[in-house]
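Structural characterization, general
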Amino acid sequence: MKRISLLCVLALAACCPKNNTPVYLDPSKPLEERVSDALGRMTIEEKVAMTHAQSKFSSAGVPRLGIPELWHTDGPHGIRPEVLWDEWDQAGWTNDSCTAFPALINLAATWDRDLAHLYGDCIGQEARYREKDILLGPGINMGRTPLNGRTFEYMGEDPYLAGQLVVPYVQGVQSNGVAACVKHFAVNNQETRRTATNSVVDDRTLYEIYLPAFKAAVVDGGAWAIMGSYNLWNGEFNCHNKRLLCDILKGEWGFDGVVVSDWGGCRDDDQAVTNGLDIEMGTWTNGLTGAASDSYSHYHLARPYLERLRDGRATEEVLNDKAARILRTVFRTSMSPEQHFGSFTSPEHFAAARKIAAEGIVLLKNDGVLPLNIPQGGKILVVGENAYKMMVVGGGSSNLKTKYEIIPLDALREAFAGKAEVVWERGYVGDVTTDYNKVITGQDLSEKRTAGQLKADALAAGKDVDCIIFIGGLNKSAFQDNEGTDRKDIVLPYGQDELIEALAGLGRPMAVVNISGSPVAMPWANKVGAIVQGWYGGSESGHALADVLTGAVNPSGKLPFTMPKSLIDGPLKTERQYPGIREEGKQWWQEYYDEGVFIGYRWYDTQNIPVDFAFGHGLSYTTFEIGKASVKRSGAGWKVSATVTNTGKVAGAEVVQLYVSDSEASVARPAKELKGFEKVYLNPGESKKVSFTINKEALSFFDADKHEWVAEPGEFHALIGASSADIRADLPFTLK
Ligand code: GLC
């Protein structure tokens, strides 16, 4: 309805004599003129109404002026099913089953900027078609701990990788007249007590690790919206944190869009007004429980705000800034000069989902088991719940009602139809739930056998097969890959380690596929022939995995995070670092980022701690050589070049990675830091030269005292590699 009425208004405006069309309704007028014209026509009450929710996922427009409401939607992986006015549960519509795109960690593992844009464009089309104006994603919080329940929704442990991929994603989304709402700003790196923990982070760590991807999204990507996070940073809640939102985001970065609170993340009447929040969303705000009949007028930026405006405690100038940002968002989305109609669950979207999912699958190890080479009439045993369990439903706000989801077992049976028998043994019972927010998968995961029987059946089935493929890992249930809870350890649950070892003991060719959104320990890594990191691939996950296992797609994914051998090898050694401690006289939990910039490979590399698989690692069914590397001055910076050659027998892609290392510095710096990457697709025998430019910023660390980036003269190294641990060229150069 909204779109038709709006088109009528715009058409009306277009057909009326130009001089009668109000500027704000005239799509040919510059954006800022439309904003100030609309602002000048609005009452205080209308401006205040826009600054807070009117339903679970909408905030008010200006009905009197024909300015539409803003409709917000989860999530980063697809368009959430419609919910009732003030419920989390789905409304039961029959026209809102979406394309489920891969989890963002799966996109990150592609290391492919073009696919990030394709992803953003497709999901933006789906949002526009569903008449949603603000997509509540992408999430780009750094992987400080592998236990974070929302690791699957984010883009890994490195700010440069996340920054390079979030920019095209945002641009893709916004090319459809939909605002990307980049989240959760900022230093929200865990789910444990996420609404009651104060992250204590020094400025150098903040500027080097936790801000860069957000800055890229805003400054390079032009993001139109940012979501404040639930936690506190240096004592203020981030949905109204003055330093974060006013000084850094809107001040230093010049952000002209809207700051949206996380749902229920706004906690204070006065700070909500003065500290940079523009739209307050969520429920039970202001201590409300049980949703009083007029709960939305109780919001901090509702009746309390009007009272402050009337008694002089709040200024209309600040209100006008909020309203202007909201109007700007409306004129960029539903009232955009370019008409967008989007599209929904198209074959192109499912094809994109399958391509992105497959391109992000990481071949961690392969002694020749893969690609599968099964004789005609052969037999494959698939073991593991994740070969069968649908994963799109669940996990929190990224839960989706999708048109379909292809499970790995069906895709493998499809791929081997007429060629080989594919039998399945569950092997263990993990999570039997099949619904979330009243979205159901329709599967029956009930199981009568005991754990012992399940294991015995799997082992018995594995005796006479050509190959065993174990497909296990994690799932979207509590304390796994799930919003609202963190994991307790990185050990595989449900007795999978023992089962994998027992199956390996059968002596058959064996591949293990770990379906997860976060790192897991792999103590059996030396006992199986091949290991694949599969992700939550969305609607086409099964096809994507079968494409890689059969060789239809040559794997080219690279790990966006480190796979440590065990949790205790990581940088978070104390309660005060994670999950936080209580302190005398402080209302909230306190969490100290004592490890500073040393997270992920920045920690393991610098400390020389062996890991199972390194950041940036990923193999192929072909081989690559990286050679002829050189570094030379180029203008104010340096140009680093290398030639990559496909020295194998099949076409494939390599991600050439550039790391920079500072030989000597006045501060402790990581052994190396990612400052460039290029994904190169090559046919057998083909070579390509890749070049990177290193500028002074890439050599700098953030000097908190001077509040500026500093590159100290001295020797640096440009390290070219196929992963952070597989460096093929070390090129020293000197900054005078
Ligand atoms: C949730 C999440 C956020 C989501 C929002 C709306 O609590 O933290 O990512 O977009 O609320 O569902």
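What comes next concerns the included structure. (Residues numbered from 1 in each chain as written. Predicted model: local features only at pLDDT ≥ 70, side-chain atom pairs only at ≥ 80, totals over all residues. Heavy atoms only, no water.)

What follows is about empty space enclosed by the protein. Applying the stated criterion across every chain, the model contains 5 cavities of 30 Å³ or more. Its boundaries defined by the atoms lining it, the second largest cavity holds a volume of some 120 Å³. Lining the second largest cavity are 17 residues, and of these Ile515, Trp535, Gly537, Ser541 and Gly542 sit closest to its centre. Examining the composition of the lining of the second largest cavity, we find that 4 residues originate from one element, helix H17 (residues 541-550), more than from any other. (1 Å grid on protein atoms, 1.4 Å probe; cavity = no way out; pocket = protein on both sides within 12 Å on 5 of 7 lines; lining within 4 Å. Points joined across faces, edges and corners; volume = space filled by probe spheres on them. Helix = DSSP H or I, 4+ residues; strand = E, 2+ residues; numbered from the N terminus.)

This brings us to the pairing of strand S29 (residues 714-723). Across the 10 residues that make up S29, a large majority, 9, are buried. In this sheet, S29 lies alongside strand S24 (residues 652-662) in antiparallel orientation, the contact comprising 6 bridges. Across the sheet, residue valine 660 finds its bridge partner in S29, namely alanine 718. Pairing between S29 and strand S30 (residues 726-735): 9 bridges, direction antiparallel. Across the sheet, residue serine 723 finds its bridge partner in S30, namely aspartate 726. (Buried < 20%, exposed > 50% of the residue type's maximum accessible area, 1.4 Å probe, protein only. Pairing = 2+ DSSP bridges.)

Here we come to the site of the ligand. Around the ligand, the structure places 15 residues, and the nearest of them are Asp74, Lys183, His184, Tyr230 and Asp262. Side-chain polar atom of arginine 150 to an oxygen atom of the ligand: 2.8 Å apart, as the coordinates give it. In this structure, tyrosine 230 approaches the ligand through a side-chain N or O atom, which is 2.7 Å from an oxygen atom. Taken together, the residues of the shell around the ligand sort by class into 6 nonpolar, 2 polar and 7 charged. (Near = heavy atom within 4 Å. Polar contact = N/O pair within 3.5 Å; in protein donor to acceptor, adjacent residues only side chain to side chain. Nonpolar A, V, L, I, M, F, W, Y, C, P; charged D, E, K, R; others polar.)

On to the packing of aromatic side chains, then. How two aromatic rings sit relative to each other is given by the distance of their centres and the angle of their planes. Considering all chains together, one arrives at 26 aromatic pairs under this definition. Their ring planes at 85° and their centres at 6.0 Å tell us that phenylalanine 152 and tyrosine 536 sit as a pair that is edge-to-face. One end of the pair, phenylalanine 152, is in the loop between strand S4 (134-135) and helix H6 (159-174); the other, tyrosine 536, is in the loop between strand S18 (530-534) and H17, and 384 residues separate them in sequence. Here phenylalanine 152 and tyrosine 536 have matching classes, each one buried. An aromatic cluster of three or more residues is present, and its members are Trp111, Tyr160, Tyr601, Phe615, Tyr659 and Phe677. Residue placement shows lysine 56 over the ring face of tryptophan 88; its charged tip is 3.8 Å from the ring centre. Lying across the ring of tryptophan 589, arginine 193 places its NZ or CZ 3.4 Å from the centre. (Phe/Tyr/Trp six-rings, centres within 6.5 Å; stacked < 30°, edge-to-face > 60°. Lys NZ or Arg CZ within 6 Å of the ring centre and 35° of its normal.)

Taken as a class, soluble globular proteins show a tendency for nonpolar side chains to be buried jointly. In this structure, Leu107, Val182, Phe185, Leu206, Tyr210, Leu211 and Leu249 are the most contacted members of the largest nonpolar core, which totals 79 residues. Per-element accounting of this core gives the leading share, 8 residues, to H6. Setting aside residues no more than four positions away along its own chain, phenylalanine 185 makes contact with Leu211, Phe214, Ile226, Met227, Gly228, Ser229, Asn238, Leu244, Leu245, Leu249 and Trp253. Counting residues in each nonpolar core, the second largest holds 71 residues, with Ile105, Leu409, Ala504 and Ala546 among its members. (Core = buried A, V, L, I, M, F, W, Y, C linked by side-chain atoms within 4.5 Å. Contact = heavy atoms within 4.5 Å.)

Below, the discussion takes up unusual backbone geometry. In this model, aspartate 74 is joined to glycine 75 through a cis peptide bond whose omega is -15°. By the element assignment, glycine 75 lies in the loop between strand S3 (70-73) and helix H4 (104-108). Backbone torsion omega between tyrosine 578 and proline 579 reads 0°, so that peptide bond is classified as cis. With respect to the secondary-structure elements, proline 579 resides in the loop between strand S19 (563-564) and strand S20 (589-592). Of note in this structure, arginine 193 is not a glycine but carries a positive phi near 50°. Examined against the element boundaries, arginine 193 turns out to sit in the loop between strand S5 (179-185) and strand S6 (197-200). Overall, arginine 193 belongs to the partly exposed group, its relative accessible area being 29%. With phi around 70°, lysine 438 is a residue other than glycine that occupies positive phi space.

Another aspect to go through is the sheet that holds strand S12 (residues 378-383). Hydrogen bonds between backbone atoms are what pair the strands of a sheet, whose relative direction is either parallel or antiparallel. Strand order across the open sheet formed by 6 strands is S11-S18-S17-S16-S12-S13, with mixed pairing between neighbours. Looking at which strands have only one partner, the edges of the open sheet turn out to be strand S11 (362-366) and strand S13 (420-425). Averaged over all pairs of adjacent strands, the angle between their axes in this sheet comes to 20°, without regard to strand direction. Bridge count between strand S17 (residues 510-515) and S18: 5 bridges; the pairing is parallel. Counterpart to isoleucine 515 in the pairing with S18 is glycine 534. The strands touched by helix H16 (residues 496-504) are S12, strand S16 (467-473) and S17; relative to S16, the strand with the most contacts, the crossing angle is about 175°. (Axes fitted to C-alpha atoms, helices over the stretch in contact; angles between N-to-C directions.)

Scanning the entire structure with this criterion turns up 49 salt bridges. For the salt bridge of glutamate 591 with arginine 144, the shortest nitrogen-to-oxygen distance reads 3.6 Å. You can see glutamate 591 sitting in strand S20 and its partner arginine 144 sitting in the loop between S4 and H6, a full 447 residues away along the chain. Note that arginine 426 is salt-bridged to glutamate 385, the shortest N-O span being 2.8 Å. Remark: glutamate 385 occurs in the loop between S12 and helix H14 (408-415) and arginine 426 occurs in the loop between S13 and strand S14 (435-436); sequence separation between them is 41 residues. Classification of arginine 426 by relative accessible area gives buried; the value is 5%. Each of Glu385, Glu425, Arg426, Glu447, Arg449 and Asp457 takes part in one network of salt bridges that share partners. (Salt bridge = Lys/Arg side-chain N within 4 Å of Asp/Glu carboxyl O.)

Here the focus is the pairing of strand S23 (residues 637-646). Counting buried positions along S23 gives 9 out of 10 residues, so the element sits mostly inside the fold. As judged from the 9 bridges shared by strand S22 (residues 624-634) and S23, these two strands associate in the antiparallel manner. The residue of S23 that forms the bridge with arginine 633 is tryptophan 638. Taken together, S22 and the strand that follows it, S23, pair antiparallel across an intervening segment of 2 residues, in which glycine 635 is found at a positive phi of about 65°. As judged from the 8 bridges shared by S23 and strand S26 (residues 687-694), these two strands associate in the antiparallel manner. Residue pairing in the sheet places valine 644 in a bridge with lysine 688 of S26.

What follows deals with the layout of surface pockets. Here the largest pocket is characterised by a volume of approximately 770 Å³. Within the residue set of the lining of the largest pocket, elements represented by two or more residues are H6, helix H7 (203-210), helix H8 (212-220), strand S25 (673-682), S26 and helix H19 (696-699). Looking at the lining of the largest pocket, the element that brings in the most residues is H8, giving 6 residues.

Take the sheet that holds S4 next. The strand order across the open sheet formed by 7 strands is S1-S2-S3-S4-S5-S7-S10, and the pairing between neighbours is mixed. With partners counted over all chains shown, the strands left at the sheet margins are strand S1 (53-55) and strand S10 (258-260), one partner each. Here S4 pairs with S5 via 2 bridges, running parallel. Within S5, the residue paired with isoleucine 134 across the bridge is alanine 179. H6 rests against S4 and S5 of the sheet, and its axis sits at about 140° to S5.

Residues spaced three or four apart along an α-helix face the same direction, because each turn holds 3.6 residues. Along H14, the residues classified as buried are Pro408, Leu409, Ala411 and Leu412. One face of H14 carries all of its buried residues, which in axial projection span an arc of 165°. Its buried side turned inward, H14 meets S12, S13, S16 and H17. (Arc of directions from axis to C-beta.)

It is worth stressing that arrangement in space is one thing and function is another; only the former is reported here.
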